[in-house]
Amino acid sequence: MDPLDIVWKNFFDGHSNFNTLQQKINYPVDIYETDKGLRFELAVVGLEKSDLDITVDGDTLRISHEKAEEVEQKNYIQRGIAKRSFDLAWKVASKFNLNKLVAEMDKGLLIVDVPYTESKEPKKITIK
């Protein structure tokens, strides 16, 4: 299996090696592999840390935001900024350790780094 199969969804094959839990992503997300693991970058301009929810359930990473209702009605001249809720989830391969992920905000990006799982070399057992 090509390493990029872990993160790239094959849009023409619903049974590819890596799939988002939703069939269509309508949110700006970059996912790529680094020398330290897997990196997710989400554009979250205008959101605070407290506006985001990151959860791990087994091999699933979920990142979500629930948009608050607009109380004040605005008379827009032009409206081009998409302010919407999102609920994104990905099944992540076991070679990445979701329990040790680190998340940070930087210049309007949510950056989530998921390190590789430590090497699973055989352990030598001494008989007493």
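Residues numbered from 1 in each chain as written. Predicted model: local features only at pLDDT ≥ 70, side-chain atom pairs only at ≥ 80, totals over all residues. Heavy atoms only, no water.

Bringing the nonpolar core into the picture now. Membership of the largest hydrophobic core comes to 19 residues, with the highest contact counts inside it found for Phe40 and Phe86. Counting only elements with at least two residues in this core, the list comes to strand S2 (37–43), strand S4 (60–65), strand S5 (86–91) and strand S7 (109–115). Once residues lying within four places of it in the same chain are set aside, the contact partners of Phe86 are Tyr27, Leu42, Val44, Leu47, Leu52, Ile63, Ser64 and His65. (Core = buried A, V, L, I, M, F, W, Y, C linked by side-chain atoms within 4.5 Å. Buried < 20%, exposed > 50% of the residue type's maximum accessible area, 1.4 Å probe, protein only. Helix = DSSP H or I, 4+ residues; strand = E, 2+ residues; numbered from the N terminus. Contact = heavy atoms within 4.5 Å.)

Turning to the packing of aromatic side chains, a few remarks are in order. What the rule picks out here adds up to two aromatic pairs. A ring pair is formed by Phe40 and Trp90, whose centres lie 4.9 Å apart and whose planes are at 50°; its orientation type is tilted. Placement of the pair is Phe40 in strand S2 and Trp90 in strand S5, with a sequence separation of 50 residues. Its relative accessible area of 0% is what places Phe40 among the buried residues. By relative accessible area, which is 0% here, Trp90 ends up buried. (Phe/Tyr/Trp six-rings, centres within 6.5 Å; stacked < 30°, edge-to-face > 60°.)

The strand order across the open sheet formed by three strands is S3-S4-S5, and the pairing between neighbours is antiparallel. Each having just a single partner strand, strand S3 (53–57) and S5 make up the two edges of the open sheet. Each neighbouring strand pair of the sheet contributes to a mean axis angle of 15°, computed without reference to strand direction. (Pairing = 2+ DSSP bridges. Axes fitted to C-alpha atoms, helices over the stretch in contact; angles between N-to-C directions.)

On to the pattern of salt bridges. Under the defined criterion, the tally for this structure stands at six salt bridges. The partner of Asp59 in a salt bridge is Lys91, with the nearest N and O atoms 3.4 Å apart. Taken together, the residues Asp59 in the loop between S3 and S4 and Lys91 in strand S5 connect sequence positions 32 residues apart. Judged by its relative accessible area of 35%, Asp59 is partly exposed. Bridged by salt links that share partners, the residues Arg39, Glu41 and Asp113 form one connected network. (Salt bridge = Lys/Arg side-chain N within 4 Å of Asp/Glu carboxyl O.)

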